[in-house]
Amino acid sequence: MLQGKAWLFGDDISTDHIAPGRLFHLRSNLPELAKHVLEDARSEFAGEMSAGDFVVGGRNFGLGSSREHAPTIIKLAGVSAVVAKSFARIFFRNAINVGLPVVICDTDRIKEHDKLEVDLAAGVLRNVTRGYEESFPALPPVMTAILQEGGLVPYVQKHGDLEI
Amino acid sequence: MPMTITEKILARHAGGDEVRPGQLIEAKVDVALANDVTAPIAIAEFEKLGVERVFDVDRVILVPDHFTPNKDIKSAQQTKMMRNFARRQGLTNYFEQGRVGIEHVLLPEQGLVLPGDLVVGADSHTCTYGALGAFATGVGSTDLAAAMATGKAWFKVPESIKLVYYGTPGPWVEGKDLILYTIGKLGVDGALYQAMEMTGEAIDRLPMYGRFTMANMVIEAGAKNGIIAPDDATLDYVRPRARRDYEILMSDADADYAYVMEIDVARVKPQVAFPPLPENSRDVETAVNAGIAVDQVVVGSCTNGRIEDLRQAARVMAGRKVAPYVRMIILPGTQEIFLQAMKEGLVETFVNAGAVFSTPTCGPCLGGHMGILAAGERAIATTNRNFVGRMGHPDSEVYLSNPAVAAASAVMGRIASPEELGLTPD
């Protein structure tokens, strides 16, 4: 069970908001880059969030570049999952591959700093502060397995190959 | 079962006769591509997989184009890692600085991607190759590492939307304007997970450079891939370049689409996409009337860095000057284009106008180097993204346009139409 508080980001949060090119001098030092995660969307986020917190987006979270740095530094910052109404497809795929849980469900009723619980296996998001639950579709089995191993590379290391 | 061109290419590479939208497949890839931003991570992940050799030394392609010529020590270290990997593996398609071009201009030019191919690239604009009738899509570094090792990748078969462009375009309307207009209609997530199949008489008449521009930007509508069926223009482009076989595939007439959208290109004016999203496209007149002063103009990128793009910008700049206190930066897509621009006198035109003419690089498009914006500055660029902070400071702004509009804006020092300079189109 993932637990933490919600940080709201709106629609169309781009990979440039998450990991801008101007900070790419840090790209070989991802823990340092992670200190700037989502800085161009909310400058206070990286400094004030706690491990386990959730990034809550609207539509089309992660649009733009294929840079894997984007989901990687969200994970490195200690975010337990990104919850959004929809995701850009490359970001979604990268998130699974680097072991960052991504949850697709309605986010309109979530308010800033609401306490959330997410059960990935059951496909349930519980808003503890407001006292309601949202269900979300479970990922295909292969993606769930990749997430459980912590990403695609640990998965292939353990299982030897990728079978659909 | 009738299929779209996208479904046919995926089915061929999955080793079956047919695939259906929504199906998860494992497919062989013809080309696996990475650049100096994404390759270092892919190489590190590849090495963790415990695989000795890449699946094919001719088909794993490394293009150091983003922060090159090496911008700083970090960039130098990243390209060194690529270079060492390319040497160790004996890759035949590693492009050293001085021979490198912008990946999505370079690979088609060198005949390395061909009709019917399935291409994965660790760069979101890999979708450019759809202009050749290939299935091409962007992936992350980890997916690319797996493809480098196995020659395979998994895909969810996308449903296709069919965009039918009809009519005759008006003056100064290019592929860039058609795709910005389309993104304006669809929105930045309007084609999420879908294939954008672009067809119709206006596409039939659109030269290859305009088709590359259109396929390049389908990602800005969220699409998985964009595709244009090969025709005589495609074959004229491909034949002198191809060094291996390729397959011409077409959509069946009765193939299924999520929907069909018709676009009358006669109604499309030159477009300017306002920050911070490519979907904010408006007629150039709207931008002109708003009196938007610019500090910088960029012509180039994987979207508009081809010789025809430079010719259009040069035609506007000929005998004119970049406005005082405005920087204009021209970035040819490849060394071949650089040379051609020299032969045609375009470089002289640009330098006489007071513009910077650069070696090929992605450079400022992603806020890397070679023209970064300060706080409060504004650029008009022929690039593909105008997100917050894309070209530099988070408080700077980027407007997107075609090369002639960008050049006219350089002359006027504000967003302008070439018609304001008394120019008539070719």
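Our subject is the structure that appears above.
Criteria and thresholds
- Residues numbered from 1 in each chain as written.
- Chains lettered and ligands numbered in written order.
- Predicted model: local features only at pLDDT ≥ 70, side-chain atom pairs only at ≥ 80, totals over all residues.
- Heavy atoms only, no water.
- Helix = DSSP H or I, 4+ residues; strand = E, 2+ residues; numbered from the N terminus.
- Rg over C-alpha atoms; globule rule 2.2 N^0.38 Å.
- Contact = heavy atoms within 4.5 Å.
- Areas by Shrake-Rupley, 256 points an atom, 1.4 Å probe, with all protein chains shown as cover.
- Buried area = accessible area lost by both parts, 1.4 Å probe.
- Salt bridge = Lys/Arg side-chain N within 4 Å of Asp/Glu carboxyl O.
- Polar contact = N/O pair within 3.5 Å; in protein donor to acceptor, adjacent residues only side chain to side chain.
- Nonpolar A, V, L, I, M, F, W, Y, C, P; charged D, E, K, R; others polar.
- Buried < 20%, exposed > 50% of the residue type's maximum accessible area, 1.4 Å probe, protein only.
- Lys, Arg positive; Asp, Glu negative; His and termini not counted.
- Pairing = 2+ DSSP bridges.
- Axes fitted to C-alpha atoms, helices over the stretch in contact; angles between N-to-C directions.
- Phe/Tyr/Trp six-rings, centres within 6.5 Å; stacked < 30°, edge-to-face > 60°.
- Lys NZ or Arg CZ within 6 Å of the ring centre and 35° of its normal.
- Core = buried A, V, L, I, M, F, W, Y, C linked by side-chain atoms within 4.5 Å.
- Parallel < 35°, antiparallel > 145°, perpendicular 65-115°, else oblique.

**Q** Before we go on, may I ask you to explain the overall build of chain B in this structure?
**A** Of regular secondary structure, chain B possesses 15 helices and 17 strands. Computed over C-alpha atoms, the radius of gyration of chain B comes to 21 Å, within 12% of the 22 Å expected from 2.2 N^0.38 for 426 residues, which places it in the range of a compact globule. Projected onto its principal axes, the C-alpha coordinates of chain B cover approximately 60 × 50 × 40 Å. At a minimum sequence separation of 6, the contacts of chain B that also span at least 24 residues come to 76%.

**Q** Any chance you could explain the overall build of chain A here in plain terms?
**A** Looking only at helices and strands, chain A features seven helices and seven strands. Ordered by position from N to C terminus, the α and β elements of chain A give β-α-α-α-β-α-β-α-β-β-β-β-α-α. The globule rule puts the C-alpha radius of gyration for 164 residues at 15 Å, and the 15 Å found for chain A is close to it. Overall, chain A is about 40 × 40 × 25 Å in size when its C-alpha atoms are taken along their principal axes. Pairs at least 24 apart in sequence give 62% of the contacts found in chain A among residues at least 6 apart. Split by element, the accessible area of chain A, about 6,000 Å² in all, is 50% carbon and sulfur.

**Q** How should the interface of chain A and chain B be read in this particular structure?
**A** Quite often, the size of an interface is put as the accessible area lost when its parts meet. Each partner contributes to the interface: chain A provides 38 residues, whereas chain B provides 45 residues. For the chain A and chain B pair, buried surface summed over both sides reaches about 3,800 Å², with 58% attributable to carbon and sulfur atoms. Along the contact surface separating chain A from chain B lie three salt bridges. Between Asp 16 of chain A and Arg 390 of chain B there is a salt bridge, with its nearest N and O atoms 3.1 Å apart. Seen at the junction of chain A and chain B, the total is 16 residue pairs in polar contact (both at pLDDT 80 or more). Mapped by element, the contributors of at least two residues to the side of chain A that touches chain B are helix 1 (15-18), helix 5 (89-98) and helix 7 (152-159) of chain A. Take the side of chain A that touches chain B: its biggest share by element is seven residues, from helix 5 of chain A. Tallied by class, residues from the side of chain A that touches chain B come to 14 nonpolar, 14 polar and ten charged.

**Q** Got a minute to help me understand the side chain of Glu 7 of chain B in this structure?
**A** All names here are of chain B. With respect to the helices and strands, Glu 7 occurs in helix 1 (residues 5-14). In this structure, Glu 7 is buried with no salt-bridge partner, the nearest side chain bearing the opposite charge being Arg 20 at 7.1 Å. Within polar-contact distance, the side chain of Glu 7 engages the backbone nitrogen of Thr 4 at 3.0 Å. Here Glu 7 is in contact with Pro 2, Val 19, Pro 21, Val 157, Pro 158 and Asp 256, once residues within four sequence places are set aside.

**Q** Please explain the sheet that holds strand 7 (residues 160-166) of chain B as it appears in this structure.
**A** Through backbone hydrogen bonds, the strands of a sheet pair up, either in parallel or in antiparallel fashion. Residue and element names in this part refer to chain B. Pairing is parallel in the open sheet, where four strands are placed in the order 9-8-7-10. Strand pairing shows two members of the sheet lacking a second neighbour, strand 9 (225-227) and strand 10 (259-264), which therefore form its edges. On average, each strand axis in the sheet is inclined to that of its neighbour by 20 degrees, with strand direction left out of account. Pairing analysis gives six bridges linking strand 7 to strand 10, with the strands arranged parallel. Bridged to Val 164 within strand 10 is Glu 262. With respect to the sheet, helix 1 is in contact with strand 7, strand 8 (195-199) and strand 9, its orientation differing from that of strand 9 by roughly 110 degrees.

**Q** Quick question: what am I supposed to make of the packing of aromatic side chains here?
**A** Given two aromatic rings, their pairing is described by the distance between the two centres and the angle made by the two planes. Applying the stated criterion to the full structure yields 13 aromatic pairs over all chains. A centroid spacing of 6.0 Å and a plane angle of 70 degrees characterise the contact between Phe 61 of chain A and Phe 87 of chain A, whose relative ring orientation is edge-to-face. With Phe 61 of chain A in the loop between strand 2 (54-56) and helix 4 (69-76) and Phe 87 of chain A in the loop between strand 3 (81-84) and helix 5, this pair connects stretches of sequence that are 26 residues apart. Relative to Phe 155 of chain B, the ring of Phe 135 of chain B has its centre 5.7 Å away and its plane inclined at 85 degrees; by these criteria the two rings are edge-to-face. Taken as a pair, Phe 135 of chain B in strand 5 (residues 135-138) and Phe 155 of chain B in strand 6 (residues 152-156) lie far apart in primary sequence, 20 residues in all. In this arrangement the basic side chain of Arg 27 of chain A is found over the ring face of Phe 67 of chain B, its NZ or CZ atom lying 4.3 Å from the centre. Above the ring of Tyr 193 of chain B, the side-chain terminus of Lys 156 of chain B is found at 5.0 Å from the ring centroid.

**Q** Honestly, the environment of Ala 136 of chain B in this entry has me stumped. Any pointers?
**A** All names here are of chain B. Examined against the element boundaries, Ala 136 turns out to sit in strand 5. With 88 residues separating them in the primary sequence, Ala 136 and Lys 224 have C-alpha atoms 8.3 Å apart. Those residues in contact with Ala 136 that lie beyond four places of it in its chain are Val 119, Thr 126, Cys 127, Tyr 129, Gly 130, Lys 224 and Asn 225.

**Q** Would you take a moment to explain the nonpolar core for this structure?
**A** If you look at soluble globular proteins, the nonpolar side chains tend to sit buried side by side. The biggest cluster of nonpolar side chains holds 79 residues, and the ones touching the most others in it are Ile 18, Phe 61 and Phe 91 of chain A together with Val 120 of chain B. With six residues, helix 5 (residues 141-150) of chain B is the largest single contributor of residues to this core. Those residues in contact with Phe 91 of chain A that sit more than four places away from it in its chain are Ile 18, Phe 61, Gly 62, Ala 70, Pro 71, Ile 74, Leu 100 and Val 102 of chain A. Of all hydrophobic cores here, the second largest spans 59 residues; its members include Leu 132, Val 173, Ile 183 and Leu 331 of chain B.

**Q** Help me out: how do you make sense of unusual backbone geometry in this one?
**A** Residues other than glycine predominantly adopt negative phi, and peptide bonds predominantly adopt the trans conformation. The linkage connecting Thr 68 of chain B with the following residue, Pro 69 of chain B, adopts the cis geometry, with an omega of -10 degrees. Looking at the secondary structure, you find Pro 69 of chain B in the loop between strand 3 (60-63) and helix 3 (73-89). Cis geometry marks the peptide bond from Pro 275 of chain B to Pro 276 of chain B, where omega comes out at 5 degrees. Within the chain, His 113 of chain A stands out as a residue other than glycine whose phi angle is a positive 70 degrees. Summarising the element assignment, His 113 of chain A is placed in the loop between strand 4 (102-104) and strand 5 (115-119).

**Q** What's the story with the packing of helix 6 (residues 141-149) of chain A against helix 7 of chain A in this structure? I'm lost.
**A** The geometry of a pair of packed helices is captured by two quantities: the angle between their axes and the separation between those axes. All names here are of chain A. Contact geometry for helix 6 and helix 7: axes closest at 7 Å, N-to-C directions at 95 degrees. In terms of their interaxial angle, helix 6 and helix 7 are classed as roughly perpendicular. Mapping the contact onto sequence places Ala 145, Ile 146 and Glu 149 in helix 6 and Leu 152, Pro 154, Tyr 155, Lys 158 and His 159 in helix 7. Looking at the contact of helix 6 with helix 7 residue by residue, the class counts come to five nonpolar, one polar and two charged.

**Q** Just to check I follow, could you spell out the sheet that holds strand 3 of chain A for this structure?
**A** Residues and elements named next belong to chain A. As summarised here, the arrangement of the seven strands in space is 4-3-2-1-5-6-7, forming an open sheet in which the pairing is mixed. Strand pairing shows two members of the sheet lacking a second neighbour, strand 4 and strand 7 (132-135), which therefore form its edges. Strand-to-strand twist across the sheet, computed as the mean angle between neighbouring axes with direction ignored, equals 30 degrees. Relative to strand 2, strand 1 (residues 2-8) runs parallel, the two sharing three bridges. Bridge pairing links Leu 8 to Val 56 in strand 2.

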